[in-house]
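A look at the structure
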Number of protein chains: 2
Amino acid sequence: MGRNKETNQKIRDERREQILSESLLLFSTRGLASTKISDIASTAGISQGLVYHYFRSKEDIFIELIRGAFERLNSSCEILSRMPLSPREKIDIAVRGLLQDLENNQENARYHLLMAQAMISETVPEEAKAIIRREIAVSQEIIAAILRDGQKEGSIKEGDADEMALVFWTSINGLAILKVVNGAEFKAPAPEILLSMFL
Amino acid sequence: MGRNKETNQKIRDERREQILSESLLLFSTRGLASTKISDIASTAGISQGLVYHYFRSKEDIFIELIRGAFERLNSSCEILSRMPLSPREKIDIAVRGLLQDLENNQENARYHLLMAQAMISETVPEEAKAIIRREIAVSQEIIAAILRDGQKEGSIKEGDADEMALVFWTSINGLAILKVVNGAEFKAPAPEILLSMFL
DNA sequence: GTCTATATCCAGATAGAC
DNA sequence: GTCTATCTGGATATAGAC
């Protein structure tokens, strides 16, 4: 009959993506613990049982998303660091971009919320925690490297670049969390405030 | 027999405090959802049933702690704002104090972690969320007022004081969260980095 | 591939003895 | 005041029909 292997594969891929996408939305706003498989199923418009046809467990979905989050984040950082810009400009772009993402509720921002959730929430499986600990260091080091470059040429403030990078990310994270609490009312602060730590 | 009303009351009070104290420790590191009543009971060295003799539910314990957290935080802020110091000095003290608390794992810091947990974690009862939304505005406004004072006399950087206060707290919060993840390895960044946003 | 029905498990909360 | 034993509910995960 009509269905061949390719069609089936396509259905599989689409469903998978669909489940991941709805899960990101739910996890990022409600967290892992209080998102039920039945929530995911119903927002995705499928049955609860079907979710288990695509993922072994709720945790597996979460881990997959975390993996994706860092993949995106780290690759954005890589791209940024390779742009033909001065260190100063790179930091400027990064801060403005991140704040805008937060305010506009871009998919990027959801990933930030997810990471914040993952860092805190303890129901998070150990595998996800491990990914976080490992990957968080990557983006932090990239920012630190940009800062060091700028310090060498005198366009970035003096100070321990690693600590500055740490504050960079934790501040973004803190704002992401506030967004969870305040929802639509959230208004991102002026980028200049954060930038004054570096420029 | 031996026990009179006062003795009983004393036992009651002590047990209550004991339960709250252990709960703070557990909630602040593991979050509400993944802290079981049985965990609280066993670390407090009492039976599970006894916990319910003192608190109606796990959520009640959490709410009580959140209430206490903001009581402490807001009163510290009040005290700070009334100190006979310049606005600049007040901000300086606040930042240094908060960072030191975090690094030294003071009880104060645990309350910060608790708040961070509460903001993010979804299983948190609505009553706690309401307290957070309400009380968070208090400490934020106090910091904002100090900043405005300083801006008037020219000792604090220009900028929207409300937004600056918001970044102030979210940055502290972000660091508190990192502390949850990194535990003992956490090292607070130099206060000067944060201070450069304001001074 | 998808659904419905069900088994299983676990944690919160209660009842009653001491 | 404190404990042990138990009830109960809800959510994950599975089994089996279509």
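In what follows, the structure referred to is the one given above.
An account of the accompanying structure is given in this report. (Residues numbered from 1 in each chain as written. Chains lettered and ligands numbered in written order. Predicted model: local features only at pLDDT ≥ 70, side-chain atom pairs only at ≥ 80, totals over all residues. Heavy atoms only, no water.)

**Re the relation of the copies chain B and chain A**
The criterion, for reference: The copies were overlaid with a least-squares fit restricted to C-alpha atoms from residues scoring a pLDDT of at least 70 in each copy. Working rule for contacts: check all heavy atoms of both residues, and any pair within 4.5 Å makes them a contact.
Once chain B has been moved 0.0 Å along the axis and rotated by 180 degrees, it coincides with chain A to within an RMSD of 0.1 Å. Within this description, the copies of the chain are treated as partners about a two-fold rotation axis. Both copies share a contact surface, since 97% of the interface residues of chain B are interface residues in chain A too.

**Some details on the protein's contact with DNA strand C**
Spelled out, the test is: It suffices for a single heavy atom of a residue to lie within 4 Å of a molecule or strand for the residue to be listed as near it. Pairs of N or O atoms are called polar contacts if they sit within 3.5 Å, as long as, within protein, a hydrogen donor faces a hydrogen acceptor (for residues adjacent in sequence, only side-chain-to-side-chain pairs).
Around DNA strand C, the surrounding shell holds 18 residues, and the nearest of these are A:Arg12, A:Ser47, A:Tyr54, B:Tyr52 and B:Lys58. Protein-adjacent atoms of DNA strand C, using a 4 Å cutoff, are sugar or phosphate at a proportion of 71%. A distance of 3.3 Å separates a phosphate oxygen of DNA strand C from a polar atom in the side chain of A:Arg12. At a separation of 3.1 Å, a phosphate oxygen of DNA strand C approaches a polar side-chain atom of B:Tyr52.

**Points about the pattern of salt bridges**
All names here are of chain A. Our working definition: A pair is scored as a salt bridge if a Lys or Arg side-chain nitrogen falls within 4 Å of a carboxyl oxygen belonging to Asp or Glu. In DSSP terms, a helix is any run of H or I states spanning at least four residues, a strand is any run of E spanning at least two, and both are numbered starting from the N terminus.
Inspection of the entire model under this criterion finds 26 salt bridges over all chains. One salt bridge in this structure joins Arg-16 and Glu-64, with 3.1 Å as the shortest N-O distance. Here the residue Arg-16 occupies a position in helix α1 (residues 5-30), and Glu-64 occupies one in helix α4 (residues 58-82), the gap between them amounting to 48 residues. For Arg-82, the salt bridge is made with Glu-78, and the minimal N-O distance between the two is 3.4 Å. Note that Arg-82 and Glu-78 are positioned in helix α4 at a spacing of four residues, about one turn of the helix. Taken together, the shared-partner salt bridges connect Asp-92, Arg-96 and Glu-192 into one network.

**So, the packing of aromatic side chains**
Residues and elements named next belong to chain A. So the rule is basically this: Only the six-membered ring of Trp is used, alongside the rings of Phe and Tyr, when aromatic pairs are assigned; centres must lie within 6.5 Å, and planes under 30 degrees apart are stacked while those over 60 apart are edge-to-face, with the rest tilted. Buried, partly exposed and exposed residues are distinguished by accessible area as a fraction of the type maximum, computed with a 1.4 Å probe on protein chains only: under 20%, between the cut-offs, and over 50%, respectively.
Evaluated as defined, the whole model comprises six aromatic pairs over all chains. Residues Phe-27 and Phe-62 carry aromatic rings whose centres are separated by 5.3 Å and whose planes lie at 75 degrees to one another, so their mutual orientation is edge-to-face. Highlighted residues: Phe-27 in helix α1 and Phe-62 in helix α4, separated in sequence by 35 residues. Accessibility assignment for this pair places Phe-27 and Phe-62 in one class, buried. Measuring from centroid to centroid gives 5.0 Å for Phe-168 and Trp-169, while their planes differ by 80 degrees, and the two rings are edge-to-face. An aromatic cluster is built from Phe-168, Trp-169 and Phe-198, whose rings are joined through pairwise contacts.

**Comments concerning the packing of helix α6 (residues 107-120) of chain A against helix α7 (residues 126-153) of chain A**
Residues and elements named next belong to chain A. This is how the line gets drawn: The axes are straight lines fitted to the C-alpha atoms, using for helices just the contacting stretch, and the angles between their N-to-C directions are given from 0 to 180°. Whether a crossing is left-handed or right-handed is set by the direction in which the near helix is turned from the far one by less than a right angle, anticlockwise for left-handed and clockwise for right-handed. Side-chain classes are defined by residue name, with Ala, Val, Leu, Ile, Met, Phe, Trp, Tyr, Cys and Pro counting as nonpolar, Asp, Glu, Lys and Arg as charged, and the others, Gly among them, as polar.
Where α6 meets α7, the axes come as close as 10 Å, and the angle between the chain directions of the two elements is 115 degrees. Between α6 and α7 lies a crossing of left-handed hand. Within the contact between the two elements, α6 uses Ala-118, Met-119 and Ile-120 and α7 uses Lys-129, Ile-132 and Ile-136. Of the residues in the contact of α6 with α7, the class split is five nonpolar, no polar and one charged.

**Notes on the packing of helix α5 (residues 87-104) of chain A against helix α8 (residues 161-182) of chain A**
Residue and element names in this part refer to chain A. To keep it simple, the criterion reads: For this classification, under 35 degrees means roughly parallel, over 145 means roughly antiparallel, 65 to 115 means roughly perpendicular, and everything else is oblique.
Between α5 and α8, the shortest axis-to-axis distance is 10 Å and the interhelical angle comes to 15 degrees. Regarding the angle of α5 to α8, the classification is roughly parallel. Every pair of crossing elements has a handedness; the one defined by α5 and α8 is right-handed. Residues Ala-94, Val-95, Leu-98, Leu-99, Leu-102 and Glu-103 of α5 form the contact with α8, whose own contacting residues are Phe-168, Trp-169, Ile-172, Leu-175, Ala-176 and Lys-179.

**Some points on the environment of A:Ala190**
Along the chain, A:Ala190 turns up in the loop between α8 and α9 (191-195). Take A:Ala190: its relative accessible area is 25%, and that puts it in the partly exposed class. Along the backbone, A:Ala190 and A:Leu32 are 158 residues apart, and their C-alpha atoms lie at a distance of 31 Å. Residues in contact with A:Ala190, not counting those within four places in the same chain, are A:Leu99 and B:Glu163.

**Some words on the interface of chain B and chain A**
Let me state the cut-off plainly: Put simply, buried area is how much 1.4 Å-probe accessible surface two parts lose in total, over both of them, once they are put together.
Counting residues at the interface gives 32 residues for chain B, matched by 32 residues for chain A. Of the roughly 3,000 Å² buried where chain B meets chain A, counting both sides, 74% is carbon and sulfur surface. Of all residues in chain B, B:Ile120, B:Glu122 and B:Ile193 bury the most surface against chain A, accounting for 21% of the area lost on that side. Along the contact surface separating chain B from chain A lie two salt bridges. Notably, a salt bridge pairs A:Glu163 with B:Lys187, separated by 3.4 Å at the nearest N-O pair. The tally of links from chain B across to chain A stands at five residue pairs in polar contact (both at pLDDT 80 or more). Those elements that provide at least two residues to the side of chain B that touches chain A are α1 (5-30), α6 (107-120), α8 (161-182) and α9 (191-195) of chain B. Among the elements that take part in the side of chain B that touches chain A, α8(B) stands out by supplying 11 residues, more than any other. For the side of chain B that touches chain A, the per-class residue count stands at 17 nonpolar, eight polar and seven charged.

Treat this as a map of the structure, not an account of what it does.
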